[in-house]
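# Understanding the architecture of this molecule
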Amino acid sequence: MGETAVRLRGSHAEAEHPGIGFAGIGITNQRESVVVWDRNTGDPIAPVIVWQCRRTAGYCEELEEQGYTGLFHQKTGLLLDAYFSGTKLKWILDNTEGARQKAENGDLLFGTIDSWLVYKLSGGRLHITDYTNASRTLLFNIHTLDWDDELLSVLDIPRCMLPTAVECSGNFGFTDPSFFGIPVPICGIAGDQQSALFGQTCFKPGEIKNTYGTGGFLLVNTGENPVMSSKGLVTTIACGIGGRVTYALEGSVFVAGAAIQWLRDEMRLIDSADDSEYMAMKVPDTNGCYVVPAFTGLGAPYWDPYARGAIVGLTRGVNKYHIIRATLESLAYQVCDVMEVMHDETGKEIAGLYVDGGASANDLLMQTQPDLSGVKVIRPACIETTAMGAAFLAGLACGVFKDLDSLKALRSDAREFIPGITAEERALRMKGWHDAVNRTRS
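Cut-offs used in this document
Residues numbered from 1 in each chain as written. Predicted model: local features only at pLDDT ≥ 70, side-chain atom pairs only at ≥ 80, totals over all residues. Heavy atoms only, no water. Axes fitted to C-alpha atoms, helices over the stretch in contact; angles between N-to-C directions. Helix = DSSP H or I, 4+ residues; strand = E, 2+ residues; numbered from the N terminus. Parallel < 35°, antiparallel > 145°, perpendicular 65-115°, else oblique. Contact = heavy atoms within 4.5 Å. Nonpolar A, V, L, I, M, F, W, Y, C, P; charged D, E, K, R; others polar. Core = buried A, V, L, I, M, F, W, Y, C linked by side-chain atoms within 4.5 Å. Buried < 20%, exposed > 50% of the residue type's maximum accessible area, 1.4 Å probe, protein only. Phe/Tyr/Trp six-rings, centres within 6.5 Å; stacked < 30°, edge-to-face > 60°. Lys NZ or Arg CZ within 6 Å of the ring centre and 35° of its normal. Pairing = 2+ DSSP bridges. Salt bridge = Lys/Arg side-chain N within 4 Å of Asp/Glu carboxyl O. pLDDT = per-residue confidence, 0-100.

Quick look at the packing of helix 13 (residues 320-346) against helix 17 (residues 423-440) now. At their nearest, the axes of helix 13 and helix 17 sit 11 Å apart, and the two run at 95° to each other. Here helix 17 runs roughly perpendicular to helix 13, going by the angle between their axes. Here Glu329, Ser330, Tyr333, Gln334, Cys336 and Asp337 of helix 13 lie close against helix 17, whose contacting residues are Arg429, Met430, Trp433 and His434. Across the contact of helix 13 with helix 17, the residue classes break down as four nonpolar, three polar and three charged.

Core analysis: the biggest nonpolar cluster contains 98 residues, and Leu89, Tyr212 and Leu353 have the highest contact counts within it. In this structure Leu89 touches Val34, Val36, Phe110, Leu139, Ile157 and Met161, once residues within four positions along its chain are discounted. The next biggest cluster of nonpolar side chains, apart from the first, holds 13 residues, and it includes Val118, Leu126, Phe172 and Ile186.

Here we take up the packing of aromatic side chains. Throughout the structure, instances matching the rule amount to 20 aromatic pairs. Look at Phe198 and Phe203: their rings are 5.0 Å apart centre to centre, the planes differ by 55°, and that puts the pair in the tilted class. An aromatic cluster is defined as three or more aromatic residues linked by ring pairs; in this entry it consists of Trp51, Tyr83, Phe84, Phe217, Phe254 and Trp303. Seen from the ring of Trp91, Arg55 lies directly overhead, with NZ or CZ sitting 4.4 Å from the centre.

The next subject is the pairing of strand 14 (residues 244-253). By the criterion of burial, strand 14 is predominantly enclosed, with nine of the 10 residues buried. Bridge count for strand 12 (residues 216-223) against strand 14 is seven bridges, and the pairing is antiparallel. Across the sheet, the residue bridging to Asn221 is Ala248, located in strand 14. Where strand 13 (residues 234-241) lies against strand 14, seven bridges are found, and the strand directions are antiparallel. Residue Ile241 lies in a different strand from strand 14, and its bridge partner there is Arg244. In textbook terms, the turn of a hairpin is the stretch between consecutive antiparallel strands, and for strand 13 and strand 14 this stretch comprises two residues, one of which, Gly242, has a positive phi near 60°.

Moving on to the pattern of salt bridges. Working definition: two side chains of opposite charge can pair if their charged atoms are close together. One pass over the full model with this rule turns up 28 salt bridges. For Glu250, the salt bridge identified is with Arg31, shortest N-O distance 2.7 Å. Of this pair, Glu250 sits in strand 14 while Arg31 sits in the loop between strand 2 (22-29) and strand 3 (35-38), and the two are 219 residues apart along the sequence. Judged on exposure class, the residue Glu250 and its partner Arg31 are both buried. The structure contains a network of salt bridges with shared partners spanning Arg31, Glu32, Arg136, Asp192 and Glu250.

It is worth spelling out the confidence of the model for the protein at this point. This prediction gives the protein a mean pLDDT of 93; 95% of its residues lie at or above 70. Below pLDDT 50 for its whole length, residues 7-19 participates in 18 contacts with residues either more than four positions away or in separate chains.

This next bit is on the environment of Leu410. Counting through the fold element by element, Leu410 comes out in the loop between helix 16 (404-408) and strand 19 (413-417). For the pair Leu410 and Leu233, spaced 177 residues apart in the sequence, the C-alpha separation amounts to 31 Å.

Moving on to unusual backbone geometry. Between Ala300 and Pro301 the backbone carries a cis peptide bond, its omega angle lying at -5°. Relative to the elements of secondary structure, Pro301 occurs in the loop between strand 15 (290-292) and strand 16 (310-312). Residues other than glycine seldom take positive phi values, yet Asn287 does so here, at roughly 55°. You can see Asn287 is positioned in the loop between helix 12 (275-280) and strand 15.

Of note, Asp176 is situated in the loop between strand 9 (169-174) and helix 9 (177-180). Classification of Asp176 as buried rests on a relative accessible area of 18%. Those residues within four positions of Asp176 in sequence are excluded, and the remaining contacts are Leu121, Ser122, Gly123, Arg125 and Ile182.

Below you can see the structure in the form of structure tokens.
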């Protein structure tokens, strides 16, 4: 999570305060992490609950057993899973002394990290979120673009806690002068994955990107009409700008780059994340070994919170280099699973996969991805597209950029990776992966 300040040299702000020159601020953040704070003091009442936390998995199962799955999916586009922020918010209210009474009295505020940043930057004057972050809460109706009273009632969430939902680009308000010496407009807000989609300039239906971060997050633009998934994807708002809302289908892989961190921090097989490619290249393949990094369950398209990680296919000939390579390949396999479902749900051929995030700098991974998917991979010159998307959204609102076409012209691709194995080999390797996944479930 973080913020991006769009600089405009020669601006009025810089004339009055040399060296400042902020035209506006764009914020992008991890979407499902939850903060609850006191309206009067501005202090959090409990530690933030991050997106990977599974403490509400049991409660989500209770809601499913009570028959609420269809209601939540129809209105929010989401599945009943502990990943999303609504049940985390309920947990804080139920498990923090005095919290529920204070919330019902109007003394507590809820927000995802974007709301928290805006609230603090504005000196407590702004309590807002954007459509993309709101669409990840299990509380927001993506069709009416408003908080849904029926869903709030099911989760027992007081509406007075919730921020005002706004578009992703606009003049929302100003920072407190104590931060920069002058008020600076806050002009852009988007959840990290939608921000990356925008930063990749995936403005047309059918364009798809994957961010290889801690997790892996694929979004495909579906245009102005939401496509409701029946195969384990979630429907989400891609962007709200200029009075128009576009939607996306998303598949969330819970563990991507975190698997490389596991190799480094827990297994001590590598000294740094950058070592993974070098070590994996010491062997030509995985020697039949598969690593399924279901450390926090499996996300799309399986949505199995009780799956657990496994190394499958171990023989006496498997060494640490094979395990490192198999862990790296697991990122690509998980992406392939989601891409296949996206193809089925949209009915459109995927011409290319735009990639970003830290692990997209790994050439071995980037070549493995098209080998396994059969779809070319396009890596931009700047892989920090999440920050770029926040800058684009803010820049459109404050006049740095003219329109979407001007943003498209700024895109620069560094390299394309083309499939390099046969369809038969691809099918064989994917079958081995699916066999390995099935061994981790339940």
